[in-house]
Structure formats: C-alpha cells, structure tokens
Amino acid sequence: MKNEFFDETEWKTICDRGIVNIGNHYRISKTINKAREGKPINIGFIGGSITAGSLASLPETCYAYLVYRWWKEKFPGSHIGYVNAGIGATTSQYGVARVFGDLLRYEPDVVFVEFSVNDSTEDKYMETYEGLIRRILGHPKESAVIIINNVCYDNGSNAQEIHNRIGMYYDLPIVSIKDSIYTEVEKGRVKAESITPDNLHPNDRGHRLIADVIINFLESIYDRALHKQVIDEFYALPEKTLTKNRYINSVLYNNLNFQPELYGFKADTSKKEGLWDVFRQGWHAKDKGSNIRFSAECCGLSVLYRKYVRKEAENELFAPVARLVVDNNEDKAIILDARFDQDWGDYLYLHDIFKYDTPDKHTVDITVTDQAEGRDFYLAAIIMF
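Since this is a predicted model, take the numbers as computed values, not measurements.

K.L.:
Mind laying out empty space enclosed by the protein, listing which residues take part and the relevant values?
P.N.:
Enumeration according to the criterion identifies one cavity of 30 Å³ or more in this entry. Put simply, the largest cavity is a space of about 60 Å³. Breaking the lining of the largest cavity down by element, the ones donating at least two residues are α2 (26-36) and β5 (144-149). It is β5 that contributes the most residues to the lining of the largest cavity, three residues altogether. In the lining of the largest cavity, the residues fall into eight nonpolar, one polar and one charged.

K.L.:
Explain the pattern of salt bridges to me, and be specific about the residues and the numbers.
P.N.:
Evaluated as defined, the whole model comprises 25 salt bridges. In this structure, Lys74 engages Glu219 in a salt bridge whose closest nitrogen and oxygen atoms are separated by 3.1 Å. Of this pair, Lys74 sits in helix α4 (residues 63-74) while Glu219 is found in helix α10 (residues 204-226), placing the two residues 145 residues apart along the sequence. Judged by its relative accessible area of 27%, Lys74 is partly exposed. By relative accessible area, which is 25% here, Glu219 ends up partly exposed. The salt bridge partner of Arg98 is Asp102, with a shortest N-O separation of 2.9 Å. In this pair, Arg98 and Asp102 are both assigned in helix α5 (residues 92-102), four residues apart and thus about one turn of the helix distant. Looking at Arg98, the relative accessible area reads 2%, which means it is buried. Linked through salt bridges whose partners overlap, the residues forming this network are Glu10, Arg17, Glu184, Lys187 and Arg189.

What counts, and where the lines are drawn
- Residues numbered from 1 in each chain as written.
- Predicted model: local features only at pLDDT ≥ 70, side-chain atom pairs only at ≥ 80, totals over all residues.
- Heavy atoms only, no water.
- 1 Å grid on protein atoms, 1.4 Å probe; cavity = no way out; pocket = protein on both sides within 12 Å on 5 of 7 lines; lining within 4 Å.
- Points joined across faces, edges and corners; volume = space filled by probe spheres on them.
- Helix = DSSP H or I, 4+ residues; strand = E, 2+ residues; numbered from the N terminus.
- Nonpolar A, V, L, I, M, F, W, Y, C, P; charged D, E, K, R; others polar.
- Salt bridge = Lys/Arg side-chain N within 4 Å of Asp/Glu carboxyl O.
- Buried < 20%, exposed > 50% of the residue type's maximum accessible area, 1.4 Å probe, protein only.

Spelled out as structure tokens, the structure:
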C-alpha cells in the first residue's frame, strides 16, 4: 500500500503497529473463506460520526465504504452486502440499544465497532461497550467483531483503554488509529490539518489512511486463510463478564413499539429518511403543561430528547424545558433542558434517569414546564433495560 506521506515499507510498519491485538480470528477467517467460495456475505459497521462519514466528501470516500470496497475487490465472485449503522454524536450506550434494529437484523458476517471517540473512559461506558460487544458476539449469526480505536488528533484522547480491556478479554482483533496514524501526527511527520479540519473528523485523506490501517489487518488474515495457517478452530464466548453487563438487554422504544399516555404530546408520524434522521418517530409537544406518562418494569431508564442550538439574537429561553418525575417523587424531579450550548447542530441528548441491579415497576411523568416559540419539546426515544 502506498500513500502520499510514506513509502510502502514505512507505511506497512506504521499499519502493523496499529494491530493492537490480532485476537481469535476463527470467525473472520471463516467469513474470508466463505467469500472465497463465492458465497454471499454482509459487512457491517456501527459507531459515531466518523463511521457515518462526517466530513468525507462522499459516502463512498468514508473509511467504512473503503473497507467494504476492499471486500468487493478481493472477492469479485461473492455478493458483498454493506450496512453502515454509524450515527453522529452517539455512544455505545445508544449503540447497544439500537444494534439489533440498525444492524444485526441484516445478519452481518463481520462487524466493525467504532466508539472510541464517542465514549469517555468512565466505568459506565466500559459496561455499555461490553453489552454491545457481547450482544453482537452472541447473535445467532456468529458475526466476527473487529474493534476500531479512532482518536482525537489534537491531544490523542480516546476511550481505547477501556474498550481494549473488553476487546482483550473477548480475544477480539483490535485496530488502533491512535497507535498508528496519530503517532505520526505526534512526531510531526503528518500534519493534523492535512487529514482532519477539526482534529476529530477525517477528511478524504484521513478516511483513506484509517481504511488502509484496517485493510492491512484484513490482508494479514487473508494471507493466513489463503495459506491455511489459521490456528483458531473455534471461538468460545466467555461465560463470565467483566462488568455487571446490565445494558446488554437494552431496548430502544419509540412510537412504533411503545404507546405511553399522551396529554398534549403527539406522536411524530413524519417519514424517517435514514439512520441519521434521528428526530423522527418520537413524541413532541409545544404547550406548557403537556404531559407524557408511562409505567414499566426495568432496571434502568434513559430518555433521548432534542437539544436545540441557540441562534443569533435569541433570548435565554430559546428552547423548551421539561420536568421528569419517577414514581411521583416530586422532590427528586429531573430537569430536561432542551437548550444546547454548542454550535455544531441540534443534539440527540441521552439523559440517564436511573439504574439499579434488579428490575422493579416504575411510573414516569414528563411535563413541559417552559415553552419556546416555534420549538417543540421533542422526546425522541426511551431506553430501558
């Protein structure tokens, strides 16, 4: 592989450095052999905005599509399906709740998981990430899982420390952009501004580099499969988990699969255009006093609602505010403030409400307390586990 920054030998060394763990490659090798035999396979991706292709000039120039194209070119006799389940500004907590509907129902043979710049290093995300990984591995399709560690190019921050603890425990392949491309940025051999305009989202050059690091790993597994050097004869999912793993059974509810009591709220029946169109299929209300109410038996609950960017010349109350009460406990009411203090766009905000080790019955009331001209309070979804 050649690129504009390094000669072929040097670039191969950098790419090899990105293979943090080659892992048990039984499932990925099985997929490669399946494609070599001309059988159809599906390649899936789940992650945040980088996977979705943010700042790539075309959907076909993002790293996910470039990796998919490698499969297409490598196995022209096989029908290769492509599922990109990337959604910007979302974490593995949202990912584990939506992974079946957005990805697993298409039965991918291989899944690339990328949340290392969306999750933080707090313990919660180690648990949500394990839930996501274990849910994919435990699906009847027996998909191969490859972990991708993307990185912030200004300071090298990401969540790969906790993600890779999960990856190593499950003996999964791990490909790190921090340990490959970012190291060259640190050395000054690659200028960050040449591959990313905002130190996070790659441009076409940056997506090409990420794809090449991943493809280097795939080529190494392909060579082993081609020469029958596959050592792993099976993959066994560990019986025990590293965390409490409470999030693995997370379910995403919207107005398609859940009917709460509505008093002033209305179900959004407008057409959803794609995965990125996140403010659809929820419930919305414009009037103060509007209420939505439901009961459920669960261990944990989170709500996702729309936070609005403030525009020029708007007053302080430029977006609505609501109040959430659990089990009629008004003293512990939670404020859902739809005002957003960033400037990059409206935000699908995931607000944790409660989390326990054992399930119990709960009632939830959400009431609009402050209205804003022209902007509804938008409850996009509810997550329960």
